[in-house]
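# Observations on the three-dimensional arrangement
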Amino acid sequence: MSTEQDFVDVRGVVSFVAIAYLPAWLLTLPLWLTGEGLSWTWAPVVLFTMMFMPAVAALVVNKWISPKPELLRSVGLTNPGGIKKWWPYVLVAWLGPPLAMLLALLVGDLLGVYHADWTGFSGLAEQFGSGAIGAEQQTSPGTLALIQLAQVFGLGWLQVFSALGEELGWRGYLVQALLPLGQPGAFLTTGVLWGLWHAPVLILGFNYPNVPIVVAFIMMLCFCVLVGTLLGWLRLATGSVWPPAIAHGFLNAAAGLTIIFGQAGHPVDNVSVGLLGWSGWIVLGLLILVLMLFGKLPVTFPEEKKPGLTAGVNRRSRR
């Protein structure tokens, strides 16, 4: 896969952002009007539906606003070489996010911001009720942990569908559309726009409920840029949106690991714990650095064109 143009399609990108943002933000109105916010009974349905707005935006832009000859290929649903080209990355997309989360929890434990109980699973037992420990008719903490781990690594596949709704937009369309800025610019811009897209639910306390709104925005932007770079690498390295969608799904599923290995009596704070927290960003940053050191990032394309800035500015050499 290579860039198909020397400049950013400003009309397409602006249209994509508008279509991805406005319907998604309008969907959150009931959360505000009911006064119940994220605790509203139908909030999960709202958040689930919201995740598909970037996909709608990408398809609308590529179909009618900046038409592409091959709609499915333009957003990465299909790709040259088919599944044979990207199936080796499935293992990375499947196991990578949970393993990265485990590393993040280990770093948090070493730094003292996460209180782990790696073998006793006391936090998990506390979550399911104190009777889980030592009671014959209750499930043991070890069994609970195995069940939860099976859900993370197995049932996490169910989360790939909703994650695809976001990935079709952010990585399927936008990263590719912004490639004329260069890969760092594409990843950074996409990450920032992805983070700001969460604005209405961030204000309601999504992910970072215990900090001022400004801090929550900064935290979300940092997280989205770091994770978005890794998801963007999967998109460009494979030419397909499926590996980043799988990784995104298991990234969501891996959030449960903080409870599985947590210590009773120590609530988890997303600001400092896990991949959402600053201690987890160390792991994400190291993963990006490893890709760079091994020459995997930035991704090298056959006959890659020199990047430009906008429709009026390109960087082709002139004679």
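Just above, that's the structure.
Residues numbered from 1 in each chain as written. Predicted model: local features only at pLDDT ≥ 70, side-chain atom pairs only at ≥ 80, totals over all residues. Heavy atoms only, no water.

### Points about the overall build of the protein
Per the secondary structure count, the protein includes 16 helices and zero strands. Along the first, second and third principal axes, the C-alpha set of the protein runs to 80 × 50 × 35 Å. Relative to its full complement of 319 residues, the protein shows a buried share of 47%. Across the protein, the fraction of contacts at a sequence separation of at least 24, relative to all contacts at a separation of at least 6, is 76%. Side-chain charges of the protein comprise 15 positive and 14 negative groups, with the mean position of each set lying 22 Å from the other. (Helix = DSSP H or I, 4+ residues; strand = E, 2+ residues; numbered from the N terminus. Buried < 20%, exposed > 50% of the residue type's maximum accessible area, 1.4 Å probe, protein only. Contact = heavy atoms within 4.5 Å. Lys, Arg positive; Asp, Glu negative; His and termini not counted. Charge placed at Lys NZ, Arg CZ, Asp CG, Glu CD.)

### Observations regarding the packing of aromatic side chains
Scanning the entire structure with this criterion turns up 14 aromatic pairs. Where F52 meets F161, the ring centres are 5.2 Å apart and the plane angle is 50 degrees; that geometry is what we call tilted. In this pair, F52 is assigned in the loop between α3 (43-50) and α4 (53-65) and F161 in helix α10 (residues 159-177), connecting sequence segments 109 residues apart. Between W170 and W197, the aromatic rings sit 5.9 Å apart at their centres with planes inclined by 70 degrees, giving edge-to-face as the arrangement. You can see W170 sitting in helix α10 and its partner W197 sitting in helix α11 (residues 183-197), a full 27 residues away along the chain. Overall, W170 belongs to the buried group, its relative accessible area being 0%. (Phe/Tyr/Trp six-rings, centres within 6.5 Å; stacked < 30°, edge-to-face > 60°.)

### Focus on the nonpolar core
Grouped together as the largest cluster of nonpolar side chains are 85 residues, with contacts concentrated most on F16, W170, Y208 and F223. The dominant element in this core, judged by the number of residues it contributes, is helix α13 (residues 213-238), at 12 residues. The contacts of Y208, once residues within four sequence positions are left out, are L202, A216, M219, M220, F223, N270, V271 and L276. (Core = buried A, V, L, I, M, F, W, Y, C linked by side-chain atoms within 4.5 Å.)

### As for the pattern of salt bridges
Counting across every chain of the model gives two salt bridges. We note a salt bridge from R73 to E70, for which the minimum N-O separation is 3.9 Å. A relative accessible area of 45% means that E70 is categorised as partly exposed. R171 is the salt-bridge partner of E167, the closest N and O atoms lying 2.7 Å from each other. Of the two residues, E167 and R171 are both situated in helix α10; the distance of four residues between them amounts to about one turn of the helix. (Salt bridge = Lys/Arg side-chain N within 4 Å of Asp/Glu carboxyl O.)

### Concerning the environment of P98
Locating P98 in the fold gives a position in helix α7 (residues 90-111). Distance from P98 to A254, taken between C-alpha atoms, is 5.0 Å for residues 156 residues apart in sequence. When sequence neighbours within four positions are dropped, the list of residues in contact with P98 reads V152, F153, F250, A254 and L257.

### A look at unusual backbone geometry
Most peptide bonds adopt trans geometry, and most residues besides glycine take a negative phi value. With an omega of 0 degrees, the peptide bond running from L297 to P298 counts as cis. Here P298 is to be found in the segment after α16 (278-293). The phi dihedral of F121 falls on the positive side, at around 55 degrees, and the residue is not glycine. F121 gets classed as buried once you look at its relative accessible area, which sits at 13%. Notably, N207 is not glycine yet its phi reads approximately 70 degrees, a positive angle. As for its placement among the helices and strands, N207 is situated in the loop between α12 (199-203) and α13. Exposure remark for N207: the relative accessible area of 18% places this residue in the buried category.

### A look at α4
Spacing of three or four residues puts side chains on the same side of an α-helix, whose turn is 3.6 residues. Within α4 the residues assigned to the buried category are M53, P54, A55, A57, A58, V61 and N62. At its buried positions, α4 is contacted by α1 (10-27), α3, α5 (71-74), α10 and α11.

### A word on the packing of α1 against α11
Between α1 and α11, whose axes approach to 10 Å, the crossing angle comes to 20 degrees. Comparing their axes, α11 and α1 come out roughly parallel. α1 and α11 meet at a crossing whose hand is right-handed. Each of V17, A20, Y21, A24 and W25 in α1 lies in contact with α11, whose residues at this interface are L193, L196 and W197. For the contact of α1 with α11, the residue count by class is eight nonpolar, no polar and no charged. (Axes fitted to C-alpha atoms, helices over the stretch in contact; angles between N-to-C directions. Parallel < 35°, antiparallel > 145°, perpendicular 65-115°, else oblique. Left-handed = near helix turned anticlockwise from the far one by under 90°. Nonpolar A, V, L, I, M, F, W, Y, C, P; charged D, E, K, R; others polar.)

### A short note on α10
In a regular helix each residue adds 1.5 Å, so 19 residues correspond to 27 Å; α10 covers 26 Å between its end C-alpha atoms and thus fits that length. Of all bends in α10, the biggest is about 50 degrees, found at E167. Burial runs high along α10: 17 of the 19 residues are buried. (Expected span 1.5 Å × (residues − 1). Bend = angle between axes of the 7 residues up to and from the residue.)

Everything listed is a geometric property; what it means functionally is a separate question.
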